[in-house]
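Listed below, chain by chain, are the residues.
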Amino acid sequence: SDAAAVGSVQFVNSAGSVLQTTPYTLAPRSSARIVRAGSSRDPQTGSVRILSPALAFSVLTYKSNDVTVTQTAIPILRAVERLRMYVESGPGVRTGIAIANSSAAGAEVTLEAAGLTSSLSIPPNGQRAMFLDEAPGFSSLPAEFQGALRTTSDSPITATGLSYRTNERGEVLI
């Protein structure tokens, strides 16, 4: 942006508790890296809430022995009650889904794909993350599947899907 941006980043655990809030000010046409204080090398689940008037995104990085194996970016997502996303499963590929509820009330979410249906309860300010075949009711998803996942909720949520692939060295790529 050609203007300075002021905002904050919140790190939220899967139960909906804010673990850290970090305010920031960005000069025009610049960027910043914000890392959760006290982060460990162990995988962590939760969500990141970026409150910003400017275009923003989160970068996910997977490192093995201090070498970046894979990296992807997720843009700020608008909360909606209905959405569709591409999902797939097959040899060496699985789709992971993450659903976040930023409201003070719980959300009831329905997932539909390949004739299967699942219901999830997302706590206030909480999130759920799983591979598609781990969603309740989706264990019978065909081993090889490509299609759309339809998501509906009784209140606005944000959701994203990530394709997890395994390379010839057995490393996970996002």
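Residues numbered from 1 in each chain as written. Predicted model: local features only at pLDDT ≥ 70, side-chain atom pairs only at ≥ 80, totals over all residues. Heavy atoms only, no water.

Moving on, we get to the environment of Glu 112. Along the chain, Glu 112 falls in strand β8 (residues 107-113). Distance in space between the C-alpha atoms of Glu 112 and Thr 151 is 6.5 Å, their sequence separation being 39 residues. Discounting chain neighbours no more than four positions away, the residues touching Glu 112 are Thr 117, Phe 138, Ala 148, Leu 149 and Arg 150. (Helix = DSSP H or I, 4+ residues; strand = E, 2+ residues; numbered from the N terminus. Contact = heavy atoms within 4.5 Å.)

What follows concerns the confidence of the model for the chain. In this model, the chain carries a mean pLDDT of 87, and residues with pLDDT of at least 70 account for 97%. Model confidence for the chain, summarised as mean pLDDT per element, is weakest for strand β4 (residues 57-64) at 79 and strongest for β8 at 96. (pLDDT = per-residue confidence, 0-100.)

The full count for this structure, using the stated rule, is 1 cavity of 30 Å³ or more. Empty space within the largest cavity amounts to approximately 40 Å³. In terms of residue class, the lining of the largest cavity is made up of 3 nonpolar, 2 polar and 3 charged. (1 Å grid on protein atoms, 1.4 Å probe; cavity = no way out; pocket = protein on both sides within 12 Å on 5 of 7 lines; lining within 4 Å. Points joined across faces, edges and corners; volume = space filled by probe spheres on them. Nonpolar A, V, L, I, M, F, W, Y, C, P; charged D, E, K, R; others polar.)

Turning next to the packing of aromatic side chains. One pass over the structure, following the stated rule, counts 1 aromatic pair. When the centroid spacing of 5.1 Å and the interplanar angle of 75 degrees are considered together, the rings of Phe 131 and Tyr 164 count as edge-to-face. On the criterion of sequence distance, the pair formed by Phe 131 in strand β10 (residues 127-131) and Tyr 164 in strand β11 (residues 145-166) is long-range, its members being 33 residues apart. Residue Phe 131 is classed as partly exposed on the basis of its relative accessible area of 21%. (Phe/Tyr/Trp six-rings, centres within 6.5 Å; stacked < 30°, edge-to-face > 60°. Buried < 20%, exposed > 50% of the residue type's maximum accessible area, 1.4 Å probe, protein only.)

The subject of this paragraph is the pattern of salt bridges. The full count for this structure, using the stated rule, is 6 salt bridges. Close ionic contact of Glu 88 with Arg 165 constitutes a salt bridge, the shortest N to O distance being 2.9 Å. Taken as a pair, Glu 88 in strand β6 (residues 80-89) and Arg 165 in strand β11 lie far apart in primary sequence, 77 residues in all. When its relative accessible area of 12% is taken as the criterion, Glu 88 is described as buried. Of the residues examined, Arg 165 reaches a relative accessible area of 40% and is grouped as partly exposed. (Salt bridge = Lys/Arg side-chain N within 4 Å of Asp/Glu carboxyl O.)

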